[in-house]
Amino acid sequence: MRPILPGGKILVVDDNADMRDYLQRILSVRWSVEVANNGEQAVMSIINNPPDLVVTDMNMTGSDGLALLREIRANRNAIPVLMLTAQADEETTVKGLFEGADDFIVEPFGARELITRVVAQLEVSRIRQYNRQAVLASEERYCQLYENLQKKEEQLAYAQRAAGIGLWSYDLKTNTGFVTSEWRHLMGYPEEDEAWSFAKFLMCVHRDDQKRIKATHWKAVNSELGLDTEFRINHPEKGLQWILSRAQYIPPTENNDAARLLGYIMNITERKQFDEALRLSNERYNCLKMVTAAIVWTAAPDGRIIEDVPMWEAFTGQTPAEYKGYGWLNALHPNDRDSTLTLWIDALEIKHPIEVLFRLRLRDGTYQEMLAVGLPVFDVDGNVWEWVGTVTEVR
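Only a predicted model underlies this, so the values are computations on that prediction, with no experimental measurement involved.

Cut-offs applied
Numbering of residues starts from 1 in each chain and follows the order in which that chain's sequence is written. For a predicted model such as this one, the threshold for reporting local features is a pLDDT of at least 70, and the threshold for listing and counting side-chain atom pairs is 80 or more; totals across whole chains, interfaces and linings nevertheless cover every residue. In computing side-chain values, all of the structure's heavy atoms are included and hydrogens and water are not. When DSSP finds at least two bridges between two strands, those strands are taken to pair. Only DSSP runs of H or I covering at least 4 residues are called helices, and only runs of E covering at least 2 are called strands; the numbering of each starts at the N terminus. Working definition: rings of Phe, Tyr and Trp (its six-membered ring) pair if their centres are within 6.5 Å, and the pair is stacked with planes under 30 degrees apart, edge-to-face with planes over 60 apart, and tilted otherwise. Exposure is judged per residue with a 1.4 Å probe applied to protein chains only, and the accessible area is read against the type maximum: over 50% gives exposed, under 20% gives buried, and values in between give partly exposed. Helix axes use the C-alpha atoms of the stretch in contact, all axes being lines fitted to C-alpha atoms, and the angles between their N-to-C directions lie in the range 0 to 180 degrees. Working definition: roughly parallel below 35 degrees, roughly antiparallel above 145 degrees, roughly perpendicular at 65 to 115 degrees, and oblique for all remaining angles. Handedness of each helix crossing follows the sense of rotation of the near helix against the far helix: counterclockwise by less than a right angle gives left-handed, clockwise gives right-handed. Whether two residues touch is decided by their heavy atoms; if any such pair falls within 4.5 Å, the residues are in contact. Charged means Asp, Glu, Lys or Arg here, nonpolar means Ala, Val, Leu, Ile, Met, Phe, Trp, Tyr, Cys or Pro, and polar covers whatever is left, Gly included. Taking the helix axis as origin, the arc is that swept by the directions to the C-beta atoms. Identification of polar contacts relies on pairs of N or O atoms within 3.5 Å, with a donor-acceptor requirement for protein atoms, meaning one able to donate a hydrogen and the other able to accept it, and with residues adjacent in sequence counted only if both atoms are side-chain atoms. Should a side-chain nitrogen of Lys or Arg be within 4 Å of a carboxyl oxygen of Asp or Glu, the pair is scored as a salt bridge.

What about the pairing of strand 14 (residues 384–393)?
When strand 11 (residues 295–299) meets strand 14, the two strands line up antiparallel, connected through five bridges. Its bridge partner being in strand 14, Ile295 is matched across the sheet by Val391. Relative to strand 14, strand 13 (residues 367–378) runs antiparallel, the two being bridged by nine bridges. Opposite Ala372, over in strand 14, you have Val391 as the bridge partner.

Put into structure tokens, the structure is as follows:
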């Protein structure tokens, strides 16, 4: 079974050659990786060949990770930045987040944690890009529609329906507004009710959002800054829906036309549902890691345990130095070691899942029968990237 991971290009920035090589070796198996020795090289690489993710050490000589982060954000660059730090204190984290970091990973760390965080940042970046493109595409459609508003009202109505947006205008002098037929359709606003008012609009908004939307509206009216907000509505046919509303402040003209807000709305319910599904999926994964009673382990392609396995330590009392490599065999009953090792070597050779029963020596010296299950994880070329598995008690 091959892992399904988001693609992308990663820029690794570290002045430590060993750490730089370590990061490149892990990440290049699944992604295209470029490296930079310092912040100045990284900036040039970003300009010439923008990556999808930057992984940078926070504390480098010369231009450190924070300076690089400021340079990236100063250019309004939304590339996600994953920072490596040996300092796990709150002040360091807050400082990095304030400068615009997307995530932190505290050294020392394992390959699995690094890959998990990289995957998460690439996936979040993909969602953000999708949302930005959707909004930009909607804005472009809106501009095209508005140019023909006065000349082709009937064609405009069809175009709005196809684009999924509804136009509205609010006169700041008379406090009256105009909305298109598609706006009424998206909001569930009665077509037969010709008169439009902010009060009637507010009645369509979900009761928990009404106070916030009212404050947002009056701020836009009085500040000349426009409007950009999301809210829920109770659609008479579709039920609870999410709406995005954006508007631009249009100043008075020389012809004494009053200032107004000119904007549009669009239904973003599907995007909200996707975001919530992603959040729940991450939450479920985190909860499963916390509550599972199994010993979860990973091994190198050659079968060596190379990462810490805290639950194994809790069960057996072995330290990482004692169980890493093939040291875990010493915690098995002497009569079970050779047979278990034979099955493990066979599985490694044929790249096939393994199930094996053995007796495990616990902290108190007693033995408990355990079931170990392992599966190979393949890379895109069909080679074993790592082994993952569990060890559970047999009751």
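Here the narrative resumes, following the displayed structure.
A few points about the packing of aromatic side chains
Here the structure, examined in full by the defined rule, presents eight aromatic pairs. Judged by centre distance (6.3 Å) and plane angle (45°), the ring pair of Tyr22 and Phe109 falls under tilted. Of this pair, Tyr22 sits in helix 1 (residues 17–27) while Phe109 sits in the loop between strand 5 (103–106) and helix 5 (111–147), and the two are 87 residues apart along the sequence. In this structure Tyr22 comes out as partly exposed when scored by relative accessible area, which is 25%. Assessed through its relative accessible area of 11%, Phe109 is described here as buried. Ring geometry for Phe198 versus Phe201: centroids 5.7 Å apart, planes at 45°, classification tilted.

Observations regarding the packing of helix 2 (residues 39–48) against helix 3 (residues 65–74)
Put simply, helix 2 and helix 3 touch, their axes get as near as 9 Å, and they point 25° apart. Here helix 3 runs roughly parallel to helix 2, going by the angle between their axes. For the element pair helix 2 and helix 3, the recorded crossing hand is right-handed. Side by side, helix 2 and helix 3 meet where Gly39, Ala42, Val43 and Ile46 of the first sit next to Leu68, Glu71 and Ile72 of the second. Partitioned by chemical class, the residues of the contact of helix 2 with helix 3 number five nonpolar, one polar and one charged.

A short note on the sheet that holds strand 6 (residues 165–171)
The strand order across the open sheet built from five strands is 7-6-10-9-8, with neighbouring strands paired in antiparallel fashion. This sheet does not close on itself; its edge strands, each paired only once, are strand 7 (176–179) and strand 8 (227–235). Averaged over all adjacent pairs, the angle separating strand axes in this sheet is 25°, with direction ignored. Sheet topology note: the strand 9 (residues 239–250)/strand 10 (residues 260–267) ladder contains eight bridges and is antiparallel. Of the residues in strand 10, the one forming a bridge with Leu244 is Met266. Here helix 9 (residues 207–223) sits on the sheet in contact with strand 6, strand 8 and strand 10, set at roughly 145° to strand 8.

Some points on helix 2
Of all the positions in helix 2, only Gly39, Ala42, Val43, Ser45 and Ile46 are classed as buried. Considered in projection along helix 2, the buried side chains sweep an arc of 165° and stay on one side of the axis. Turned more than 90 degrees from where helix 2 packs its buried face, Ile47 and Asn48 sit exposed. The elements touched by buried residues of helix 2 are strand 1 (9–13), strand 2 (32–36), strand 3 (53–57) and helix 3. Where helix 2 begins, one side-chain oxygen reaches toward the backbone nitrogen of Glu40, 3.2 Å away; that side chain belongs to Asn38.

A word on the environment of Arg20
Mapping Arg20 onto the fold places it in helix 1. Sequence separation between Arg20 and Thr56 is 36 residues, and the spatial gap between their C-alpha atoms is 9.4 Å. Arg20 has contacts with Val12, Asp14, Asp15, Val35, Ala36 and Asn37, leaving out every residue within four places of it along the chain.

Some remarks on the pattern of salt bridges
Enumeration according to the criterion identifies 13 salt bridges in this entry. Residue Arg117 is joined to Glu113 by a salt bridge in which the shortest nitrogen-to-oxygen separation is 3.2 Å. Of this pair, Arg117 and Glu113 both sit in helix 5, four residues apart, which is roughly one turn of the helix. Look at Arg117 and you get partly exposed, because its relative accessible area is 25%. Assessed through its relative accessible area of 31%, Glu113 is described here as partly exposed. With its nearest N and O atoms 2.7 Å apart, the salt bridge here joins Arg304 to Asp302.

Observations regarding the sheet that holds strand 3
Pairing is parallel across the open sheet formed by five strands, whose spatial order is 2-1-3-4-5. Two strands close off the open sheet at either side, each with one partner strand: strand 2 and strand 5. Here the strands of the sheet are splayed against their neighbours by 20° on average, with no regard to which way each runs. Bridge count between strand 1 and strand 2: five bridges; the pairing is parallel. For Lys9, the partnering residue across the bridge sits in strand 2 and is Ser32. On top of the sheet, helix 1 reaches strand 1, strand 2 and strand 4 (81–85); it is set at about 170° to strand 2, its chief contact. Sitting on the sheet, helix 3 touches strand 1, strand 3 and strand 4, and the angle it makes with strand 4 is about 170°.

Read these as spatial facts, not as claims about activity.
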